[in-house]
Amino acid sequence: QRSPLFIIFTTVLVDLIGFGMVIPLISLYGQHYGASGLELPILGGIFSLMQFLFAPFWGAISDRVGRRPILLLSLTGSTLSYIIFGLAPSFTWLMVSRAFGGIFAANISTAQAYIADITPPEKRAQGMGMIGAAFGIGFTLGPPLGGIASAHLGLAAPGLIAAGICGFNLLLACFRLPESLPVEKRNLTQTRSLKPIQFSVLRRAIQMPDLGFFLVSFFFATFAFSTMEQTFSLLFQSKFHLETGEAGLKTGLILMFSGLLGALIQGGLIRRLVPKYGERKTLVIGLFFNTFAMAIFPFSPSYSLYFLFVIPLALGTSLVNPSLSALISKSAHAQEQGATLGLSQGLASLARAAGPFCGLLTFAVEPTLPYFIASVISGLLLFKAFRTMRTSFDVQT
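My aim in this report is to walk through the structure given alongside it, one point at a time. (Residues numbered from 1 in each chain as written. Predicted model: local features only at pLDDT ≥ 70, side-chain atom pairs only at ≥ 80, totals over all residues. Heavy atoms only, no water.)

## Thoughts on the overall build of the protein chain
Working step 1: Within the protein chain, the secondary structure is distributed over 16 helices and zero strands.
Working step 2: Burial statistics for the protein chain: of 397 residues in total, 60% are counted as buried.
Working step 3: Sequence separation of 24 or more characterises 86% of the internal contacts of the protein chain that already satisfy a separation of 6 or more.
Working step 4: For the protein chain, the exposed surface amounts to about 15800 Å²; the carbon and sulfur share of it is 69%. (Helix = DSSP H or I, 4+ residues; strand = E, 2+ residues; numbered from the N terminus. Buried < 20%, exposed > 50% of the residue type's maximum accessible area, 1.4 Å probe, protein only. Contact = heavy atoms within 4.5 Å. Areas by Shrake-Rupley, 256 points an atom, 1.4 Å probe, with all protein chains shown as cover.)

As structure tokens, this is what we get:
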């Protein structure tokens, strides 16, 4: 019998391959369908805005009914959204597909709660690292597949292939994925209404100094990366004078290399670093690499050198995300794992909505500006995280 940790890893992995096929193409497709003014930033952020509104809602429900039903529902919604994306005849339908996908994007927060159910606290970061490894592999395989499909099979192909992958994953999960949350551990007595934004959870979290800081850091770390993320393809297209399909392919190759590095780091290196140094130190190290990498990224003189420039960015992101996820999980109440991790993903989704909006608007003014903003934010987080780590060390000693 396979480990539940392995099964949830493969479930998230297959889903993220489909997600990775589509995400680098969104800005290019928006331009292709004539998006102008604020339309392109709105398209870039609508998925994450809907995820912000609904991820805490699904997380709280998973605390009541279990993780498995929510994961299956999320995979069903994602499959339908990719079909709409692939068959979209206009910019409006692209917007509809991304909004619908965001509403049902509960898979990551629910998977994190699933891992919290089946791992002891001392192994929580390694478990969260498996989600990061799934991200890495998904963004290793997904973007080049999407780029190749759009360049050789037409603009509809990435969405339809992603829908097929996600639908296949749904069938596998129906038969392979066990429930992780026993009935006796479910939060069946909660009396608060199930609203999309769980303000009561947010209020309690902010009142806890450590948890509040980790949630705020997760928001801004995600915002910094998202400010750059959807400008990658536009940067390559304008800098190297590429057609839409070719820009998608070259962006996919860079993200493939970055994803491979991320999978290696989060699937292997973090297992050694966290037990030795702890999540707080790995967070500081990751923020240092992010600050440096984001500052230098837009200045590569050639496309081939971007395979070198992306290394510190992949290292930083691969250390920051699982460290923060583990710290959030360990700081949350035992009966609110799903709601709190859903809240963290909701805040991250808000950051992924605001980040592209900021990045795409500032990219139109100056292509290097999104990267400068991201570097400054990461530097400020680094300073605050270092001070917090020193304060915690002083208290412990």
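## Examining the packing of aromatic side chains
Working step 1: Counting across every chain of the model gives 20 aromatic pairs.
Working step 2: Ring geometry for tyrosine 29 against phenylalanine 85: centres 5.5 Å apart, planes inclined by 15 degrees, an arrangement best described as stacked. Residue tyrosine 29 is found in helix α2 (residues 26–32), and its partner phenylalanine 85 is found in helix α4 (residues 67–87); the two are separated by 56 residues along the sequence. The two residues tyrosine 29 and phenylalanine 85 agree in class, both being buried.
Working step 3: Each ring, one from phenylalanine 236 and one from tyrosine 303, has its centre 5.8 Å from the other, and the planes form 85 degrees; the classification is edge-to-face. Of the two residues, phenylalanine 236 is situated in helix α11 (residues 232–240) and tyrosine 303 in the loop between α13 (279–296) and α14 (306–331); the sequence distance between them amounts to 67 residues. Accessibility assignment for this pair places phenylalanine 236 and tyrosine 303 in one class, buried.
Working step 4: Three or more aromatic residues joined by ring pairs make a cluster, and in this case those are Phe225, Phe232, Phe236, Phe240, Phe257, Phe297, Tyr303, Tyr306, Phe307, Phe309 and Tyr371. (Phe/Tyr/Trp six-rings, centres within 6.5 Å; stacked < 30°, edge-to-face > 60°.)

## Quick notes on the packing of helix α3 (residues 39–65) against α4
When two helices pack together, their arrangement is given by the angle between their axes and by how far apart the axes lie.
Working step 1: Taken N-terminus to C-terminus, the directions of α3 and α4 make an angle of 140 degrees; their axes are 7 Å apart at the nearest point. On the basis of their axis angle, the class for α3 and α4 is oblique. Contact residues: Trp58, Gly59, Ile61, Ser62, Asp63 and Val65 in α3; Arg67, Pro69, Ile70 and Leu73 in α4.
Working step 2: In terms of residue class, the contact of α3 with α4 is built from six nonpolar, two polar and two charged. (Axes fitted to C-alpha atoms, helices over the stretch in contact; angles between N-to-C directions. Parallel < 35°, antiparallel > 145°, perpendicular 65-115°, else oblique. Nonpolar A, V, L, I, M, F, W, Y, C, P; charged D, E, K, R; others polar.)

## A word on unusual backbone geometry
Working step 1: Even without being glycine, histidine 241 reaches a positive phi, approximately 55 degrees.
Working step 2: One can find histidine 241 in the loop between α11 and α12 (244–277).
Working step 3: Residue histidine 241 is classed as exposed on the basis of its relative accessible area, which comes to 71%.

## Re the environment of threonine 227
Working step 1: Its place among the elements puts threonine 227 in helix α10 (residues 209–229).
Working step 2: According to the relative accessible area criterion, threonine 227 is buried, its value standing at 0%.
Working step 3: Here threonine 227 is in contact with Gly355, Cys358, Gly359 and Pro370, once residues within four sequence places are set aside.

## Looking at the environment of glycine 132
Working step 1: Along the chain, glycine 132 turns up in helix α7 (residues 124–152).
Working step 2: Once the C-alpha coordinates of glycine 132 and leucine 264 are considered, the two residues, 132 residues apart in sequence, prove to be 9.8 Å apart.

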